Amino acid sequence: MVAPEGVEAQTCVMARGGETWARTYYRNTTGEELRSVLTLMGPGGRTVELHCAPTAHDEPGSCETPHGASADKPSAYWAVAEFVGAGPVQEAPLLLRAGSDRASADPGAATG
């Protein structure tokens, strides 16, 4: 996904060896440091959130949640990354929301 403001991101659910986690790949060309939240959602209302700070440069970066024991098959999980601009949290504009597909049943799969 690409936002007109200069943020690009792809978000994936990763699963391997009985563990599941989320990862987002991004590029920030806004010229400003941004805030982002990567959320992994799973069965039973389980969520894991990680706050990332994409630096203000054109180099690609990534951010991922901690690996956790899978509570169900990988297809039961999905992830969303939200990138917001500078300023007070309540006033910061949402620049981009990038969501994953649900992970495939392949235990070594990554889905984005």
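The structure presented is a predicted model; accordingly, all values stated were derived computationally and were not measured. (Residues numbered from 1 in each chain as written. Predicted model: local features only at pLDDT ≥ 70, side-chain atom pairs only at ≥ 80, totals over all residues. Heavy atoms only, no water.)

(A) Summary view of the state of the cysteines. Taken as a whole, this structure holds one disulfide when the rule is applied. The side chain of Cys52 participates in a disulfide bridge whose partner is Cys63; the two sulfur atoms lie 1.7 Å from each other. On the sign convention where negative means left-handed, the S-S torsion of about -65 degrees between Cys52 and Cys63 marks this disulfide as left-handed. With Cys52 in strand β4 (residues 47–52) and Cys63 in strand β5 (residues 57–64), this residue pair connects regions lying 11 residues apart in the sequence. The class of Cys52 is buried, set by a relative accessible area of 9%. Its relative accessible area of 10% is what places Cys63 among the buried residues. For the unlinked cysteine Cys12, the closest cysteine sulfur is that of Cys63, found at 13 Å. (Disulfide = S-S within 2.5 Å. Helix = DSSP H or I, 4+ residues; strand = E, 2+ residues; numbered from the N terminus. Buried < 20%, exposed > 50% of the residue type's maximum accessible area, 1.4 Å probe, protein only.)

(B) Here's a closer look at the pairing of strand β3 (residues 35–41). Here β3 lies mainly inside the structure; five of its seven residues are buried. Two strands pair when backbone bridges link them, and β3 and strand β7 (residues 78–84) are joined in this way by seven bridges, in the antiparallel orientation. Paired with Ser36 across the strands is Phe83, a residue of β7. For β3 and β4, the ladder comprises six bridges, and the chain directions are antiparallel. Each bridged residue has a counterpart across the sheet, and for Met41 the counterpart in β4 is Thr47. (Pairing = 2+ DSSP bridges.)

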